[in-house]
Amino acid sequence: MRAVVVGAGLGGLLAACALAERGFRVRVHESLPYPGGRFTNLEFRGFQLSTGALHMIPHGRRGPLAEMLAELGAGVEIFRSEPQAVFRIGGRDYGVDEVYSAFSTGEKLRAMKLLAMMKLGRARAGEESYAEWLERHLRSELVMRLADAFTGWCLSLRAHQVPAAEVLAQVENLARLGETGVPDGGCRGVVDALVEVLESNGGELRVRSRVLGVSGTSWSFRVHTGEGAEEAEVVVCNAGLHRSAELAEGVLPPEYVRMLRGVESVPGVKISVACDEPVLGHSGVVFTPDAERVCGMNEVTNAVPELAPPGKHLLMAHAAPAGGDLRREAEIALRDLHRLIPDFRKRCRVLAVQTYRGEWPVNHAPSGTHIPPETPAGGLYLVGDGVKPRGWMETDGIAMGVREMLEHLSRALEESSV
Ligand SMILES: Cc1cc2nc3c(=O)[nH]c(=O)nc-3n(C[C@H](O)[C@H](O)[C@H](O)COP(=O)(O)OP(=O)(O)OC[C@H]3O[C@@H](n4cnc5c(N)ncnc54)[C@H](O)[C@@H]3O)c2cc1C
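The following refers to the structure shown. This is a predicted model, so every value here is computed, not measured. (Residues numbered from 1 in each chain as written. Predicted model: local features only at pLDDT ≥ 70, side-chain atom pairs only at ≥ 80, totals over all residues. Heavy atoms only, no water.)

## Description of the packing of aromatic side chains
Thinking step 1. A full pass over the atoms with the stated rule returns four aromatic pairs.
Thinking step 2. Taken together, a centroid distance of 5.2 Å and an interplanar angle of 25° make the contact between Phe 87 and Phe 287 stacked. In this pair, Phe 87 is assigned in strand 6 (residues 85-89) and Phe 287 in strand 15 (residues 285-287), connecting sequence segments 200 residues apart.
Thinking step 3. Arranged with centres 6.2 Å apart and planes meeting at 20°, the rings of Tyr 130 and Trp 133 form a pair that is stacked. Here Tyr 130 pairs with Trp 133, and both are found in helix 4 (residues 130-137), just three residues apart, close to one helical turn. The residues Tyr 130 and Trp 133 share a single accessibility class, namely buried.
Thinking step 4. Of the aromatic side chains, those joined through ring pairs into one cluster are Phe 87, Phe 150 and Phe 287.
Thinking step 5. It is Arg 92 that lies over the ring of Tyr 94; its NZ or CZ is 4.1 Å from the centre. (Phe/Tyr/Trp six-rings, centres within 6.5 Å; stacked < 30°, edge-to-face > 60°. Helix = DSSP H or I, 4+ residues; strand = E, 2+ residues; numbered from the N terminus. Buried < 20%, exposed > 50% of the residue type's maximum accessible area, 1.4 Å probe, protein only. Lys NZ or Arg CZ within 6 Å of the ring centre and 35° of its normal.)

Here is the structure:
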């Protein structure tokens, strides 16, 4: 069977490799001159900046992305971050287990109990947001700031913008899998390995090739590009929810197209900084609950030195915006960095400030929005960060979405005579 994948982002490449391995004739169209979408490197002054991600995989070597890469034979080493995370409060870094010492005695006991319940998957939530849920259980200003930094870093949303049930499911997965990691070569290390697997299984990647539309009916599609039209039984769209709706408008019911168009993407700001010495000193996340916009920082060159010129370090900070003017949000985030890092001016040099929104966002759907990969048109699937199952974040969520898509496709093929 023929499969066409629209977009060579992480979801598109994972799906393409898996389909090629299952014997599909796969062609991937990517409109940009390079594969990887928001998960690849951008070289700048010898530093490996990125098109999106902060060179980190949330569940590291033990998560769904690592598992899928191994299954596909994509040999990428993922280095475990040690420590996984610390919290910078009042200028001091607290380990995950030490953070309780920043609480009052009453807060400490309640916070410890609640976190234990969350990690064991025994905490329950109704329809409320994570902020409302915490307010109901703890009512602590510090806990709220920690929660905002956590969701801001992982999801680019503040605690009041995410359903509590989603965060509880994510914390349970984090507690179970328990690590964060940095891939060798950064984001691009993963993408290069996937392209190699795709091509070694007979799949084809066409860059600078924009898909203009998809027509036809279930299991019998025509994919239109500047080069003409090609036929495929299966089409996998990795182009984001809005663009997928636009491309496949003719083959999808209008109410479904309206639903996809109604999902709002999640904005963010990333600041990449060059340092002459390690400023954080490890490859884990430094959550920053004291800051106005910056939610966390990392320094991945402590795990993969090649991401910076010899002897230098690359520090990245992520900010979840509070308003729509991203230029202003970036200015506030830059002010944060001057406060968070002692002697910032002497030790650091800002390399790039990147803003994300619209069709190039942090996420195509806010966490807690669950759109299944299958569409009403048989054989037409969605993958990418608009399609993440409950409880899974970032690239590990994308891998879980691709797995769901593959399971659905196998069932559909078994049940039908396609
Ligand atoms: C600032 C920031 C920080 C992040 N940090 C992390 C992190 O540390 N860890 C982590 O795991 N995740 C992180 N993420 C999230 C992660 O980068 C994204 O979720 C992931 O890269 C998205 O992959 P995707 O499969 O949705 O594809 P995308 O990256 O959206 O790629 C889709 C591709 O489709 C192409 N395309 C679109 N339309 C067409 C068309 N008509 N024809 C052909 N091609 C088309 C696009 O050019 C693009 O290359 C971060 C994101 C951002 C922005």
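## Section: the side chain of Glu 230
Thinking step 1. Among the structural elements, Glu 230 can be located in strand 12 (residues 228-232).
Thinking step 2. In terms of polar contacts, Glu 230 uses its side chain to reach the side chain of Arg 27, at 3.0 Å.
Thinking step 3. Among the polar contacts made by the side chain of Glu 230, one reaches the side chain of His 29 at a distance of 2.7 Å.
Thinking step 4. Ignoring sequence-local partners within four residues, the contact set of Glu 230 consists of Val 4, Arg 27, His 29, Phe 221, Arg 222, Val 223 and Thr 225. (Polar contact = N/O pair within 3.5 Å; in protein donor to acceptor, adjacent residues only side chain to side chain. Contact = heavy atoms within 4.5 Å.)

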